[in-house]
Amino acid sequence: MALIRALANSKTLGRLYNHHQQIRGLQTFTLPDLSYDYGELEPAISGEIMKLHHQKHHQTYITNYNKALQQLDDAIAKGDASTAVKSQSAINFNGGGHVNHSIFWKNLAPIREGGGEPPHGALGWAIDQHFGNMEKLIAKMNAEGAAVQGSGWVWLAVDKELKRLVVETTANQDPLVTKGASLVPLVGIDVWEHAYYLQYKNVRPDYLKNIWKVINWKYASEVYEKECP
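Residues numbered from 1 in each chain as written. Predicted model: local features only at pLDDT ≥ 70, side-chain atom pairs only at ≥ 80, totals over all residues. Heavy atoms only, no water.

1. Let's talk about the overall build of the protein
This is how it is decided: Helix numbers and strand numbers start at the N terminus; a helix is a DSSP run of H or I with at least 4 residues, a strand a run of E with at least 2. Residue burial is assigned from relative accessible area. The probe radius is 1.4 Å, only protein chains are included, and a residue is buried under 20% of its type maximum, exposed over 50%, and partly exposed in between. Should any heavy atoms of two residues lie within 4.5 Å, those residues are counted as being in contact. Areas reported as accessible are Shrake-Rupley estimates using a 1.4 Å probe. Residue values count occlusion only from the protein chains shown.
Along the protein, the regular secondary structure elements total nine helices and three strands. Reading the helices (α) and strands (β) of the protein from amino to carboxyl end gives α-α-α-α-α-α-β-β-β-α-α-α. Buried positions account for 48% of the 229 residues belonging to the protein. Excluding contacts between residues fewer than 6 apart, the proportion of contacts in the protein whose partners are at least 24 apart in sequence is 70%. Of the accessible surface of the protein, which amounts to about 11,900 Å², a share of 51% is contributed by carbon and sulfur atoms.

2. Remarks on the pattern of salt bridges
Rules: The term salt bridge refers to a pairing of a side-chain nitrogen on Lys or Arg with a carboxyl oxygen on Asp or Glu at a separation within 4 Å.
Applying the stated criterion to the full structure yields five salt bridges. The partner of R112 in a salt bridge is E40, with the nearest N and O atoms 2.1 Å apart. Here R112 is found in the loop between α4 (81-106) and α5 (121-131), whereas its partner E40 is found in the loop between α2 (14-22) and α3 (47-77), with 72 residues between them in sequence. Salt bridges sharing common partners tie together E40, R112 and E113.

3. Thoughts on the nonpolar core
The cut-off we apply is this: In plain words, nonpolar cores are sets of buried Ala, Val, Leu, Ile, Met, Phe, Trp, Tyr and Cys residues tied together by side-chain atoms within 4.5 Å.
Judged by nonpolar contacts, the single largest core of 52 residues is most densely connected at L108, L165, I189, I211 and W217. Apart from residues lying up to four places away in sequence, W217 is in contact with G116, E117, P118, P119, L123, I127, M134, L137, L156, V187 and W212. The next biggest cluster of nonpolar side chains, apart from the first, holds eight residues, and it includes L69, L72, A84 and I91.

4. Topic: the pairing of strand β3 (residues 183-190)
Heads up, the rule is: When DSSP finds at least two bridges between two strands, those strands are taken to pair.
Within β3, eight of the eight residues are buried, which leaves the element mostly enclosed by the surrounding structure. In this sheet, β3 lies alongside strand β1 (residues 152-159) in antiparallel orientation, the contact comprising seven bridges. Bridge pairing in β3 places W153 opposite D190.

5. Describing the packing of α5 against helix α6 (residues 134-147)
Here is the rule we go by: Angles shown run from 0 to 180 degrees and are taken between the N-to-C directions of axes, each axis being a line fitted to C-alpha atoms and, for helices, limited to the stretch in contact. Convention used here: angles under 35 degrees read as roughly parallel, angles over 145 as roughly antiparallel, angles from 65 to 115 as roughly perpendicular, and any remaining angle as oblique. Should the near helix be turned counterclockwise from the far one by less than a right angle, the crossing is left-handed, whereas a clockwise turn marks it as right-handed.
Where α5 meets α6, the axes come as close as 8 Å, and the angle between the chain directions of the two elements is 70°. Taken together, the axes of α5 and α6 are roughly perpendicular relative to one another. Regarding α5 and α6, the two cross each other, and that crossing is left-handed. Seen from α5, the contacting residues are I127, D128 and F131; seen from α6, they are M134, K136, L137 and K140.

6. Here's the deal with the sheet that holds β1
By definition, the strands of a sheet pair up through backbone hydrogen bonds, in either a parallel or an antiparallel sense. The antiparallel open sheet is built from three strands, whose spatial order is β2-β1-β3. Whereas interior strands pair on both sides, the edge strands pair on one side only; in this sheet they are β2 (164-171) and β3. Each strand of the sheet is rotated relative to its neighbour by a mean of 25°, with strand direction disregarded.

7. Side note on helix α9 (residues 217-227)
Every buried residue of α9 is accounted for by W217, Y219, A220, S221, V223 and Y224. For α9, the elements touching its buried residues are α4, α5, α6, β1, β2 and β3.

8. Side note on the layout of surface pockets
Gaps between atoms show up when a probe of the same size as a water molecule is rolled over them. Worth spelling out the cut-off: With a 1 Å grid laid over protein atoms only, a set of points is called a cavity when a 1.4 Å probe fits there but cannot get out and a pocket when it is open yet has protein on both sides within 12 Å along at least five of seven lines; lining residues have an atom within 4 Å of a point. Grid points are joined across faces, edges and corners, and a volume is the space filled by probe spheres set on the points. Residues are grouped as follows: Ala, Val, Leu, Ile, Met, Phe, Trp, Tyr, Cys and Pro are nonpolar; Asp, Glu, Lys and Arg are charged; all remaining types, including Gly, are polar.
In this model, the second largest pocket occupies a volume close to 160 Å³. Residues belonging to the lining of the second largest pocket are distributed by class as follows: seven nonpolar, three polar and three charged.

9. Some points on the confidence of the model for the protein
When pLDDT drops low, the exact placement of atoms in the prediction is not to be read closely. Put simply, the rule reads: Values of pLDDT, ranging from 0 to 100, describe the predictor's confidence in every residue of the model.
In this model, the protein carries an average pLDDT of 90, and 89% of its residues clear a pLDDT of 70 or more. Low pLDDT, under 50, characterises residues 1-23; the predicted model gives this stretch 28 contacts beyond four residues in sequence or across chains.

10. Considerations on the pairing of β2
Two faces belong to every sheet, and in a regular strand the side chains alternate between them. Relative to β2, β1 is paired through eight bridges, and the arrangement is antiparallel. Paired with W155 across the strands is E168, a residue of β2. Hairpin connection of β1 to β2: four residues between the antiparallel strands, including K163 at a positive phi of 60°.

11. Structural notes on the packing of α6 against helix α8 (residues 204-211)
When two helices pack together, you describe them by how their axes are tilted relative to each other and by the distance separating the axes. One can describe the packing of α6 onto α8 by two numbers: an axis separation of 9 Å at closest approach and a directional angle of 145°. The hand of the α6/α8 crossing is right-handed. Only R204, P205, L208 and K209 of α8 make contact with α6, whose side of the interface consists of N142, G145 and A146. By residue class, the composition of the contact of α6 with α8 is three nonpolar, two polar and two charged.

12. Some thoughts on the packing of aromatic side chains
Centre-to-centre distance and the angle between the planes together describe a pair of aromatic rings. To keep things clear, this is the line we draw: Side-chain rings of Phe, Tyr and Trp, where Trp is taken by its six-membered ring, are said to pair if the distance between their centres is within 6.5 Å; with planes under 30 degrees apart they count as stacked, over 60 as edge-to-face, and otherwise as tilted.
Taken as a whole and judged by the stated rule, the model has nine aromatic pairs. A centroid spacing of 5.7 Å and a plane angle of 85° characterise the contact between F104 and W153, whose relative ring orientation is edge-to-face. Of this pair, F104 sits in helix α4 while W153 is found in strand β1, placing the two residues 49 residues apart along the sequence. Judged by relative accessible area, F104 falls into the buried class, the value being 2%.

This is the structure in structure tokens:
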């Protein structure tokens, strides 16, 4: 324990120690349930893609996140600074994958449950104010999502400090918070190939065009009104 405290005193490993203190009970994470069936987002997103995306890809992030957290816990308990530091990349990547996908599922809804229906109220007004109209926002997000090199995400977010909407992209599985602590995600669209390739092949713009038919603006509005009352 003396060695652990010594590590905590270093600027490099201080946050690592604090994180370890929080996970001493080592909570494990599980795959969240969806509020709709896999096939209910068709034809925008096929049931096959949804099933693979949820059961295989998201589950893999969770499995590897839990494993990396255990490795970190063991390494710090043993005073193994090298292994503790190495575990951070796996925690960041897989933890980000879990966070991002958990938001993504909430951002989707079947058409019969309001998927694709534009927001009204405060969020609808903010979109018009900051982007001109919904069509211009969608065009901007589609362009930036299509331009992401390799894998990543495109986000509509609210900057709580500036009280305005912004569009951001993140690489790989970086969560939106890596672009700024004051950013809160409203809509996140996965532009990794596993999110669309079985249906849209390599034509990412077609996927981006069609996913708006099942975007859950009700959820986005609830988050916006909570963050900007």
